[in-house]
Amino acid sequence: MNLEFEIDKLTHSIENAQTGENYPTDILPFMRQDLSQAGKKNGWNFDWGKELNNTSKEVYKLVLCKQPEKIQGLVSLTSQIGYILMNLIESSPLNIGQNKLHRGVAGNLVAFVCKLSFLKGFEGYVAFDAKTVLINHYIISLGAISVGGQRMIIETNAAKFLINKYYPDFF
């Protein structure tokens, strides 16, 4: 599946779109009980239950530390040989569009995947398939590289940059 996510701003966490206030976040495993909040009936675009049911995929949720029950964004990934493949990534419906509540959600999730790639010994390598019209956006915003067709990768240096934005104490 070709991913279509907006990197609206690289923040140091996620920030209130109106006030600019930053909020500490946490990324936790997405669980079956979270499905009631992240379904199509609630405005989400993807079937996160299908992702959760696929045992080869790991699914994580981004939450505010002060509000861990409310999902800000989700990412599905699969560990490959030498890299992590991002299958899906989505900001919550409240964090999309002109009147979004928070900025930095997608950037935070991508930085987390890069961090996980280092933890798994993959040197930060992350791959994903982008919609054609967004390839340039990901090159500029994430430092991603197009490797042919719609496949993009984030290499070590770009991964370190993203991780340092969101997880400055990691290295």
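The coordinates are above.
These notes cover the structure that comes with them.

Calculation notes
Residues numbered from 1 in each chain as written. Predicted model: local features only at pLDDT ≥ 70, side-chain atom pairs only at ≥ 80, totals over all residues. Heavy atoms only, no water. Helix = DSSP H or I, 4+ residues; strand = E, 2+ residues; numbered from the N terminus. Rg over C-alpha atoms; globule rule 2.2 N^0.38 Å. Buried < 20%, exposed > 50% of the residue type's maximum accessible area, 1.4 Å probe, protein only. Contact = heavy atoms within 4.5 Å. Areas by Shrake-Rupley, 256 points an atom, 1.4 Å probe, with all protein chains shown as cover. Lys, Arg positive; Asp, Glu negative; His and termini not counted. Charge placed at Lys NZ, Arg CZ, Asp CG, Glu CD. Phe/Tyr/Trp six-rings, centres within 6.5 Å; stacked < 30°, edge-to-face > 60°. Lys NZ or Arg CZ within 6 Å of the ring centre and 35° of its normal. Core = buried A, V, L, I, M, F, W, Y, C linked by side-chain atoms within 4.5 Å. Pairing = 2+ DSSP bridges. Axes fitted to C-alpha atoms, helices over the stretch in contact; angles between N-to-C directions. Polar contact = N/O pair within 3.5 Å; in protein donor to acceptor, adjacent residues only side chain to side chain.

A separate point is the overall build of the protein chain. Of the regular secondary structure elements, the protein chain holds four helices and 10 strands. Of the regular secondary structure in the protein chain, the N- to C-terminal order runs β-β-β-α-β-β-β-β-α-β-α-β-β-α. Expected size for 171 residues packed as a compact globule is a radius of gyration near 16 Å; at 15 Å, the protein chain falls within 12% of this value. Along the first, second and third principal axes, the C-alpha set of the protein chain runs to 35 × 35 × 30 Å. Going through the 171 residues of the protein chain one by one, you find that 49% of them count as buried. Of the contacts formed within the protein chain by residues at least 6 apart in sequence, a portion of 62% connects residues at least 24 apart. Summed over all atoms, the accessible surface of the protein chain reaches about 8,400 Å², with 51% contributed by carbon and sulfur. Between the averaged position of the 17 positive side-chain charges in the protein chain and that of its 16 negative side-chain charges there is a distance of 3 Å.

For the rest of this paragraph, the subject is the packing of aromatic side chains. Across all of its chains, the model carries six aromatic pairs by this definition. Relative to Phe112, the ring of Tyr60 lies with its centre 4.9 Å away and its plane at 65°, an arrangement referred to as edge-to-face. Of the two residues, Tyr60 is situated in strand E4 (residues 58–64) and Phe112 in helix H2 (residues 105–119); the sequence distance between them amounts to 52 residues. The exposure classification of Tyr60 matches that of Phe112, with both residues buried. Each ring, one from Phe170 and one from Phe171, has its centre 4.9 Å from the other, and the planes form 75°; the classification is edge-to-face. An aromatic cluster is present here, built from Phe118, Phe170 and Phe171 joined pairwise through their rings. Above the ring of Phe171, the side-chain terminus of Lys160 is found at 5.8 Å from the ring centroid.

It is worth spelling out the nonpolar core at this point. The nonpolar side chains of a soluble globular protein tend to be buried with one another. Phe128 and Ile154 are the most contacted members of the largest nonpolar core, which has 37 residues in total. Contributions of two or more residues to this core are made by E4, strand E5 (67–79), strand E6 (84–91), H2, strand E8 (126–129), helix H3 (135–142), strand E10 (151–154) and helix H4 (156–166). The dominant element in this core, judged by the number of residues it contributes, is H2, at nine residues. Formed by nine residues, the second largest nonpolar core is a distinct cluster that contains Phe30, Val59, Leu74 and Leu88.

Spatially, E2-E1-E7 is the arrangement adopted by the three strands of the open sheet, whose pairing is antiparallel. This sheet does not close on itself; its edge strands, each paired only once, are strand E2 (22–23) and strand E7 (102–103). Pairing between strand E1 (residues 14–16) and E2: two bridges, direction antiparallel. What sits directly across from Ile14, in E2, is Tyr23.

Reading across from one edge, E3-E4-E5-E6-E8-E10-E9 is the order of the seven strands in this open sheet, with mixed pairing throughout. Each edge of the open sheet carries a strand with a single partner, namely strand E3 (25–29) and strand E9 (145–146). For E6 and E8, the ladder comprises two bridges, and the chain directions are parallel. Considered in E8, the bridge of Ile84 is made with Val126. Contacts from H2 reach E3, E4, E5, E6, E8 and E10, with the element oriented near 160° to E6.

Along the chain, Glu51 falls in helix H1 (residues 48–53). Since its relative accessible area comes to 7%, Glu51 is described here as buried. Within the structure, Glu51 has its side chain in polar contact with the side chain of Ser76 (distance 2.5 Å).

That is the geometry; function is a separate question.
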